[in-house]
Amino acid sequence: MLGLMDVFLKNDPISLQKDILHHVEYTVARSRFSFDDFEAYQALAHSVRDRLIERWHDTLIHFKKEDPKRVYFLSLEFLMGRSLSNIVINLGIRDQFADALSQLGFDFEVLAEQEGDACLGNGGLARLSACQMDSLATLDYPAVGYGLRYQYGLFRQVIVDGFQHEQPDYWLNFGNLWDIERIHITYPVKFYGTVTDEFLNGEKCKVWVPGEMVEAVAYDNPIPGYGTRNTINLRLWAAKPSDQHDMESFNTGDYVDAVVNRQRAESISSILYPDDRSYQGKELRLKQQYFFVSASVQDIFRRFKDTHKKFDEFPEKVALQLNDTHPSLAIAEVMRVLLDEEHLSWHRAWDIICKIFSFTTHTVSPEGLEKIPIIYDINFNFVEELKKMIGLDYDRLTRMSIVEEGAVKNIRMANLSVICSNTVNGVSRLHSELLRTKLFKDFYDLWPHKFQYKTNGVTQVKKVNKIRLAEYIEAMSGLKVSLDAMFDVQTKRIHEYKRQLLNILGIIHRYDCIKNMDKNDRKKVVPRVCIIGGKAAPGYEIAKKIIKLCHAVAEKINNDNDIGDLLKLVFIPDYNVSVAEMVIPGADLSQHLSTAGHEASGTGSMKFLMNGCLLLATADGSTIEMVEEIGQDNVFLFGAKAHEVVALRKKGPTLKVPLQFSRVVRMIRDGHFGFKDYFKSLCDKIEGTSDYFLLGADFMSYLEAQAAADKAFVDEERWTKMSILSAAGSGRFSSDRTIQEYAENTWDIQPCRCPF
Ligand code: 26Q
């Protein structure tokens, strides 16, 4: 008789080839005698997926049997990129698959390139969620991720004449074979409606009668750990029309209209919102958040109730992690379910709430915190309690209230999250200090014990090299770059505070200097290939102008024969996870230029560091902690410190900016790079009192740091030493370390390792 273990798939070359061909023939439904690279990729991915599912099943069964306390990681964004290579590496079967494929006449790397990126997120926060899922699996923690399965991921960036255009990322066009549709795991999510008085057991009470219903369908994404059998679940929800919907409208109304209305349900999970403040308060965004939260909370309660009866045990089994304020409606939803559906008293429900939530914020600016218009009871009780603690200090009560009073009433989601969470985390030491002394000062004074920080970490990026990057640049832009030049990279979302503009001004300055040099001096110039990449939010005009300026300056410099290989500027379009996997390992120097106090952490720098790339950076976010690890002498630091920034801003009009700065801005104003009128507002933003991000104030210090980098680069031995020290010092910035800290100090969970 067949033993259950005999079913497991084998990883010897013959078994793998058989599996791949089996999938070509029966899953992809192409002849095994004739299939192309994409079909080969599909068959390969299916073979890998089968092996992944074995481990995922075993892990889930093991978790069920052990019933440990779980952490539920709630995030509206996950930037996963490509999956295939990551999965085979984590499963330890990459070489076996590469061998099997080569015997079939295919190259593993070529097939891996066939996969598209899953871009269900904007930037740092979203990539961090992906890294943290990886670490949760690697360290055997009993974790479940929850997110949304958007049909349209982050827009694709297309550059036309140097201007950014956005195109929809309909990423599911070619199917996604990494997720598993669970048609039987669905929950109704209810919206709108009315609250009516009803009699229950002779008592008058309020009952919510929902007005609209949508079905949430689960799509499961197995996330394998590295060096372990553990494979955890990332459950993404998709919105589908509900069958119980409005039978009424079908009976009474127009049939066609009723079907069209049903279809609208799907719009809730159709699109990822770009990180853009102008979308605040949009009804669809709020519906999206509630849809996500309601489905996840129902799933968490269902799992708990499978094995537990008493809600007092809830905090022993459940930790809920809020990834920024985006999922913070979960607090109100858990409270509502405990009160209205589980009939707990307010006191017991509140006690549970305060034990299970933890909140991590990824921003330093108050504008970054979302506000929505509703929720009053939690606040009423909180304010009453607060009065007992701090007295009738009305200014402070107003600041700490969840409700922002004014012409338009708002709910401050961050206050809600801080009040209801047992811990509040920042993403670097400096960020946490700013939270305690500025953004959440009132709360810190009240509950200092709640405040913690976990400096971000990332998962290592695979090794590729400078040649590969040079080939990519040539294929993309036709530009041939010299491999002897310093590859100087700044890739991240385009934002005023990240100061890509400072980089471009520095490049103009460099260009201007070379132009004015004689032959002898030119021999001493360190050749540079400056690479900039990143997306601007669709409604962010200034950011879009920065992209155009970069192209205009590149056009001028790259076509100036007098400059040759001494200076090149390239903009890399559509920066995403797989482009990063090529760019980061090829960089010599990377720039992180945020005005001090504005970058909560910054994680790109960590990936560059791990690849032996040197940093040129301000003392901001987690850079400060990186400098501690690798030593001040091995980083090119510049600019005002966070505590100096406020004073510099106050100086405003009396602040003297260097002549060099005025000169390069003047070149743009005078139309040296064309588009004079278009760039005027950009120049106005950085001159005089309006230079909020202090480009003028930091310019000389920036140029000095650049000169120091040039000097170090020509001393090959010194550069290599710095590079080795950078990579060696990057160990602390692994997301494994971050997750271990969360597990021990925030979630209070233990590893739960699935036996091999
Ligand atoms: C808000 C309202 C409406 C629509 C979208 C949004 C939105 C979406 C995404 C607001 C913010 C984000 C993303 C923020 C983010 O990525 N922050 C970065 O998080 C990193 C990880 O902690 C830090 O390293 C970066 O410093 C921080 O900028």
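Treat the numbers as computed from the prediction; the structure is a model and nothing was measured.

1. Observations concerning the overall build of the protein
The helix and strand inventory of the protein stands at 30 helices and 24 strands. With respect to the principal axes defined by its C-alpha atoms, the protein has extents near 95 × 80 × 55 Å. Restricting the contact set of the protein to residue pairs at least 6 apart, pairs at least 24 apart contribute 77%.

2. As for helix α13 (residues 377-390)
Helix length check: α13, at 14 residues, gives a terminal C-alpha distance of 20 Å against a target of 20 Å (1.5 Å per residue), a fit within 8%. The positive-phi residue at the C-terminal boundary of α13 is G391, with phi of around 80°.

3. Brief notes about the packing of helix α19 (residues 500-515) against helix α26 (residues 659-669)
Between α19 and α26, the least distance of the axes is 10 Å, while the angle of their chain directions is 95°. One way to sum up the angle between α19 and α26 is to call them roughly perpendicular. Across the interface between the two elements, L505, I508, H509 and D512 of α19 pack against Q660, V664 and M667 of α26. Considered class by class, the residues forming the contact of α19 with α26 number four nonpolar, two polar and one charged.

4. Remarks on the sheet that holds strand β10 (residues 212-224)
Pairing within the open sheet is mixed, and its nine strands lie in the order β7-β10-β11-β4-β1-β12-β13-β17-β18. Each having just a single partner strand, β7 (180-191) and β18 (451-453) make up the two edges of the open sheet. Across this sheet, the average inter-strand angle for adjacent strands is 25°, counted without regard to direction. Taken together, the four bridges between strand β12 (residues 318-323) and strand β13 (residues 357-360) define a ladder with parallel strand orientation. Counterpart to N323 in the pairing with β13 is T360. Strand contacts of helix α2 (residues 37-66): β10 and β11 (231-241), with the helix running at about 95° to β11, the strand carrying the most contacts.

5. Let's talk about the sheet that holds strand β19 (residues 486-491)
If you trace the six strands from one edge of the open sheet to the other, you get β21-β20-β19-β22-β23-β24, paired in parallel fashion. The sheet is open, and its two borders are formed by β21 (567-572) and β24 (636-638), each paired with just one other strand. Ignoring which end each strand starts from, the neighbouring axes of this sheet average 15° apart. The pairing of strand β20 (residues 528-533) with β21 spans six bridges and is classified as parallel. Paired with V529 across the bridge in β21 is K568.

6. A few points about the domain arrangement of the protein
For the protein, the assigned domains are domain 1 (1-66 + 83-116), domain 2 (67-82 + 117-456 + 740-747) and domain 3 (466-733). Computed over C-alpha atoms only, the centres of domain 2 and domain 3 are separated by 36 Å. Taken together, the 34 residues of domain 2 in the interface contact 29 residues of domain 3. When contributions to the side of domain 2 that touches domain 3 are tallied by element, the ones reaching two or more residues are β2 (78-81), α6 (124-138), β5 (152-160), β6 (163-170) and α16 (429-439). In terms of residues, the side of domain 2 that touches domain 3 owes the most to one element, β5, which gives five residues.

7. Observations regarding the pairing of β11
Regular strands have side chains that alternate between both faces of the sheet. Summarising burial for β11: nine of the eleven residues are buried, a large majority. As defined by bridge partners, strand β4 (residues 143-148) adjoins β11 across five bridges and the pair is classed as parallel. Bridge pairing links Y146 to R235 in β11. Alignment of β10 against β11, held across eleven bridges, turns out to be antiparallel. Looking at β11, one finds that I223 is bridged to I232.

8. Structural notes on helix α3 (residues 84-91)
Counting buried positions over the eight residues of α3 gives seven, a clear majority of the element. For α3, the full list of buried residues reads L84, S85, N86, I87, V88, N90 and L91. Against the buried residues of α3 lie α2, α4 (94-103), α5 (108-112) and β10. Downstream of α3 by one or two residues, G92 has phi in the positive range, about 75°.

9. Some details on the site of the ligand
Close contacts around the ligand come from 21 residues, with G124, L125, D275, H362 and S601 the closest. Counted by class, the shell around the ligand contains six nonpolar, ten polar and five charged residues. Mapped onto the domain boundaries, the shell around the ligand takes at least three residues apiece from domain 2 (67-82 + 117-456 + 740-747) and domain 3 (466-733).

10. Section: the nonpolar core
Of all hydrophobic cores here, the largest spans 175 residues; its most connected members are Y72 and V553. The dominant element in this core, judged by the number of residues it contributes, is helix α21 (residues 541-558), at nine residues. No fewer than three residues from each of domain 2 (67-82 + 117-456 + 740-747) and domain 3 (466-733) sit in this core. Those residues in contact with V553, other than ones at most four positions away along the chain, are I504, I507, I508, L569 and F673. With 22 residues, the next largest nonpolar core counts L44, L84, F97 and A112 among its residues.

11. Some words on the confidence of the model for the protein
For the protein, per-residue confidence averages 92 on the pLDDT scale, and 96% of positions sit at 70 or higher. Among the prediction metrics, the complex's ipTM stands at 0.97, with pTM recorded as 0.90.

12. With respect to the packing of helix α1 (residues 13-27) against α2
A pair of packed helices can be characterised by two numbers: the angle between their axes and the separation between those axes. Orientation of α1 relative to α2, taken along the N-to-C sense of each, is 120°, at an axis distance of 8 Å. It follows from the interaxial angle that α1 and α2 lie oblique. Relative to α2, α1 is oriented so that their crossing is right-handed. Of the residues in α2, those touching α1 at L16, D19, I20, H23, V24 and T27 are E39, A43, L44, H46 and S47. Here the residues of the contact of α1 with α2 are counted per class, giving five nonpolar, four polar and two charged.

13. Description of the environment of L682
With respect to the helices and strands, the residue L682 is situated in helix α27 (residues 676-686). On a C-alpha basis, the gap between L682 and L549 in space is 9.3 Å, while along the polypeptide they are 133 residues apart. Other than its neighbours up to four places away in sequence, L682 contacts I542, K545 and L549.

14. Quick notes on the pairing of β20
Counting buried residues in β20 gives six out of six residues, a clear majority hidden from the surface. Of the two faces of β20, the one holding R528, C530 and I532 and the one holding V529, I531 and G533 are both buried throughout. Relative to β20, β19 is paired through six bridges, and the arrangement is parallel. Directly across from F487, in β20, lies its bridge partner V529.

15. Focus on the environment of P448
Within the element layout of this structure, P448 appears in the loop between α17 (441-446) and β18. Put simply, P448 and R436 are twelve residues apart on the chain and 8.3 Å apart in space, counted from C-alpha to C-alpha.

16. What to know about unusual backbone geometry
Although it is not a glycine, D140 adopts a positive phi angle of roughly 65°. When you line up the elements, D140 lands in the loop between α6 and β4. D140 gets classed as partly exposed once you count the C-beta atoms within 10 Å, which come to 19. A positive phi angle, near 70°, is found at D324, a position not held by glycine. If you trace the backbone, D324 turns up in the loop between β12 and α11 (329-341).

17. Description of the environment of Y26
Of note, Y26 is situated in helix α1. Overall, the presence of 12 C-beta atoms within 10 Å leaves Y26 in the exposed class. Along the sequence, Y26 and K556 sit 530 residues apart, while their C-alpha atoms lie 55 Å from each other.

Thresholds, definitions, all that
Residues numbered from 1 in each chain as written. Predicted model: local features only at pLDDT ≥ 70, side-chain atom pairs only at ≥ 80, totals over all residues. Helix = DSSP H or I, 4+ residues; strand = E, 2+ residues; numbered from the N terminus. Contact = placed C-beta atoms within 7 Å. Expected span 1.5 Å × (residues − 1). Axes fitted to C-alpha atoms, helices over the stretch in contact; angles between N-to-C directions. Parallel < 35°, antiparallel > 145°, perpendicular 65-115°, else oblique. Nonpolar A, V, L, I, M, F, W, Y, C, P; charged D, E, K, R; others polar. Pairing = 2+ DSSP bridges. Domains from an automatic or database assignment. Buried ≥ 20, exposed ≤ 12 C-beta atoms within 10 Å, placed from the backbone. Near = placed C-beta within 6 Å. Core = buried A, V, L, I, M, F, W, Y, C linked by C-beta atoms within 7 Å. pLDDT = per-residue confidence, 0-100. Left-handed = near helix turned anticlockwise from the far one by under 90°.

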